[in-house]
Structures are given as structure tokens and as C-alpha cells.
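One letter stands for each residue in the lines below.
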Amino acid sequence: MLENVEALRREIEAEEIGSEAAAEEFRVKYLGRKQGQITDLFKQISNVALEDRKAFGQEVNALKTLAEERLEAAEAALRAPAQQERPAIDLTLPGRGAATAGSVHPITQTLEEITRIFERFGFSVAEGPEIEDDWHNFTALNFPPDHPARDMQDTFFIEPPKEDGLRGIVLRTHTSPVQIRVMQQTEPPIRVIAPGRVYRNEAISYKSFCLFHQVEGLYVDEGVTFADLKQVLHLFAQAFFGEEVRMRFRPSFFPFTEPSAEVDIWWHNPDHPDGGQWLEILGCGMVDPHVLEAVDIDPERYTGYAFGMGVERPALLRYGIDDIRVFYENDVRFLEQF
Ligand code: PHE
């Protein structure tokens with residue numbers, strides 16, 4: 001009989017209890033009231049010779065204790081990981097002090113301010129994708145097939161143009177493709193601005209970066225004239241740069257506007273020999289009839305103006321910054337000043 005006890009001890013010691021189910025199985029198998037093997041041994045005590053009973057009883061008791069301890073230890077181990085998963089939050093700890101507040105990036109601030117000014121003038125905000133197809137970025141905007149802006153030198157290609165004339169996918173080089181998308185989706189009158197990021201493959205320096213921001217403007221209706229364009233841009237410049245702002249329109253060229261102009265503002269600068277200088281802030285013009293035709297708007301009935309302004313230049317002027325690259329470095333010492 002004692003050999004049975006010894007065999008059972010070895011079996012119990014070798015058991016692996018790796019799960020709740022295994023623990024339950026263990027309990028039933030060894031300690032269960034009906035068929036538990038240790039319980040069985042107790043029942044067999046009457047078969048043991050009288051003089052051996054005491055020793056046998058002690059052995060079986062020890063075995064029972066062993067089995068119970070193994071079970072308890074295994075169950076404790078099974079519960080432990082669950083306890084570790086619970087977050088160790090001590091609600092009684094004192095706080096670490098207020099988190100440092102973030103600030104709105106100066107480019108975003110400038111974009112928002114420009115947007116708010118045009119919203120006051122009755123423009124709504126439109127958006128378009130930064131990854132554009134050639135048609136929206138160039139073709140529909142009346143760029144001839146061999147226009148230098150379509151060159152790899154200036155444009156980042158996601159998919160390069162193909163031999164068979166298929167023209168590829170680009171990072172938009174300006175916000176003007178949003179004009180096309182809006183005109184495709186809306187009947188005139190249309191009055192939108194489109195703020196966003198644009199990309200150009202330019203040499204990086206203090207005055208140019210491979211990405212920058214623009215705000216596009218578009219107004220299409222019956223009887224829109226260049227005078228309306230001058231008026232709205234003058235009102236904008238006054239709102240943004242101040243009542244006293246001096247601005248001038250210079251004749252220019254864009255494939256998608258005719259006639260076209262560039263707008264400069266006079267920037268006072270006592271350090272400059274002339275007491276200031278003319279700085280270009282935007283391009284503009286009357287929407288070219290070819291562009292209206294490309295989006296099925298009747299150029300005999302409708303006219304429109306469009307403009308596109310950079311955001312970095314006004315932001316540099318406004319905050320007295322002389323290097324465009326700091327806008328993209330995200331140096332907290334720079335950003336927290338805004
Ligand atoms: N898209 C032109 C640029 O990026 C700006 C522009 C927009 C000019 C609308 C005229 C009309 O330079």
C-alpha cells in the first residue's frame with residue numbers, strides 16, 4: 001500500500017497545472033470526493049494491516065497536503081498575470097504639475113487668419129487632395145504639354161509620365177487644381193478659397209522649401225470683372241497688413257488666367273536703402289476661357305477671377321522671421337514663441 005502512496009506522490013509532483021481547466025482536472029483527479037485518488041486511498045485504510053494504519057494514515061495525509069499546496073500555488077500563479085495587467089495607478093499620488101500647453105503653428109495661424117478674412121467676404125472653404133493627377137494639376141489648367149513646370153525638375157512625381165502619353169500622378173505643385181475640382185462639382189455662382197500644402201522640387205534655402213502653403217481663391221459668376229478682383233485683394237491686404245497698405249498689380253502670365261497679374265505690397269524696412277521694398281505676395285487673373293471649357297462651364301455666359309497666394313511669405317513678414325526653414329524644423333524653442 002505504501003508503494004501506491006509513493007507512486008501517487010511522484011505523479012502529483014510531475015503534474016503540470018497551466019490553466020484553470022487543468023487545475024480543476026487536478027482537483028477532481030486527486031482530491032475529488034467521489035473518485036479522487038487520494039480520497040480513494042483514505043477509503044482503503046481498512047485494508048491496511050492494523051499495525052501499519054497509523055503510518056499509512058500519516059503518509060496519505062501528507063500526500064493530501066502536498067496536492068492541496070500544489071493546487072493553491074498553481075491557482076495563485078494563474079491569477080498573478082491578470083493582476084499585473086491592471087494599470088498601476090495610485091490615485092493618491094500628488095500631480096506632476098500642469099502639462100505644458102502647446103501652441104498653434106505660425107503657418108497654421110496665418111492660414112487661419114487669411115481664411116477668416118475671406119470668409120467675411122463671403123467665400124467658403126474648399127479642399128482637394130495633395131496627391132493629384134496630371135489632368136487636374138496641369139492639363140485642365142491649360143498648361144501646354146511641354147510646359148517647363150511639368151518637368152521633373154520642378155514637380156515631384158508619384159507616378160512618372162509614361163511613353164504612351166499617360167501623364168502621371170504628382171504632388172500638387174499649387175492649389176489651383178482645387179479650382180478645377182470645385183468647378184467640376186458646382187454650378188456658378190462659385191466663391192471659394194482653398195488653403196493647403198503644395199510641393200515643389202526646389203533647392204532648399206532660407207527662402208524656399210520643398211513644401212509650402214497656398215491659399216487659392218476662385219470666384220465665377222455672370223459679369224465678374226478684373227475690377228472685382230482688384231477690389232477683393234485690396235480689401236484683403238488692408239485686413240491682413242493694415243489700412244495703410246500700399247499694393248501694386250504687375251502684368252504677369254499664368255496658363256490658366258488671362259489677363260494675369262502679380263501683386264506686390266510695399267514692406268517698410270528702415271534698414272533698407274529705399275526705406276522698404278516691394279514684395280510679391282500672390283498671382284492672380286481672370287479665369288482663362290479654356291479652363292472654363294475644360295470643366296463644362298460656358299465661357300460665353302460666365303467669367304471669373306482666381307488668385308493664389310503663398311502663406312509662408314506673409315508669415316515671415318508678420319513675425320519678422322528671415323529663414324523659411326524654421327517653419328518645418330519643429331524646434332520647440334521656436335514654436336513655443338507663438
Ligand atoms: N497657381 C499659381 C502659382 O502657384 C498662382 C495663381 C493662382 C495665379 C490663381 C493665378 C491664379 O504660382
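Fair warning: this is a prediction, and the values are worked out from it, not measured in the lab.

Asks: I keep staring at the overall build of the protein and nothing clicks. Help me out?
Replies: Per the secondary structure count, the protein includes 12 helices and 10 strands. Rg of the C-alpha trace for the protein: 40 Å, well past the compact-globule value of 20 Å for 338 residues, more than 25% over. Considering the protein as a whole, with its 338 residues, one finds that 40% of them fall into the buried category. Sequence-distant contacts, at least 24 apart, represent 62% of the contacts inside the protein between residues at least 6 apart. Accessible surface, the protein: about 19700 Å² in total, of which carbon and sulfur atoms supply 50%. Positive and negative side-chain charges in the protein, numbering 34 and 58 respectively, have mean positions lying 8 Å apart.

Asks: Where do I start with the pairing of strand β6 (residues 211-221) in this structure?
Replies: The side chains of a regular strand alternate, residue by residue, between the two faces of the sheet. Of all 11 residues in β6, 11 are buried, a share of seventy percent or more. Here β6 shows a buried face lined by Leu211, His213, Val215, Gly217, Tyr219 and Asp221 and a second buried face lined by Phe212, Gln214, Glu216, Leu218 and Val220. Here 10 bridges tie strand β5 (residues 190-199) to β6, and the two strands are oriented antiparallel to one another. Bridging from a neighbouring strand, Val198 pairs with Phe212 of β6.

Asks: Sorry, what's going on with the pairing of strand β7 (residues 247-254) here?
Replies: Across 7 bridges, the pairing between β7 and strand β8 (residues 257-268) is antiparallel. Within β8, the residue paired with Met247 across the bridge is Ile265. Taking the residues that link successive antiparallel strands as the turn, the β7-β8 hairpin has 2 residues.

Reading the values: the criteria
Residues numbered from 1 in each chain as written. Predicted model: local features only at pLDDT ≥ 70, side-chain atom pairs only at ≥ 80, totals over all residues. Heavy atoms only, no water. Helix = DSSP H or I, 4+ residues; strand = E, 2+ residues; numbered from the N terminus. Rg over C-alpha atoms; globule rule 2.2 N^0.38 Å. Buried < 20%, exposed > 50% of the residue type's maximum accessible area, 1.4 Å probe, protein only. Contact = heavy atoms within 4.5 Å. Areas by Shrake-Rupley, 256 points an atom, 1.4 Å probe, with all protein chains shown as cover. Lys, Arg positive; Asp, Glu negative; His and termini not counted. Charge placed at Lys NZ, Arg CZ, Asp CG, Glu CD. Pairing = 2+ DSSP bridges.

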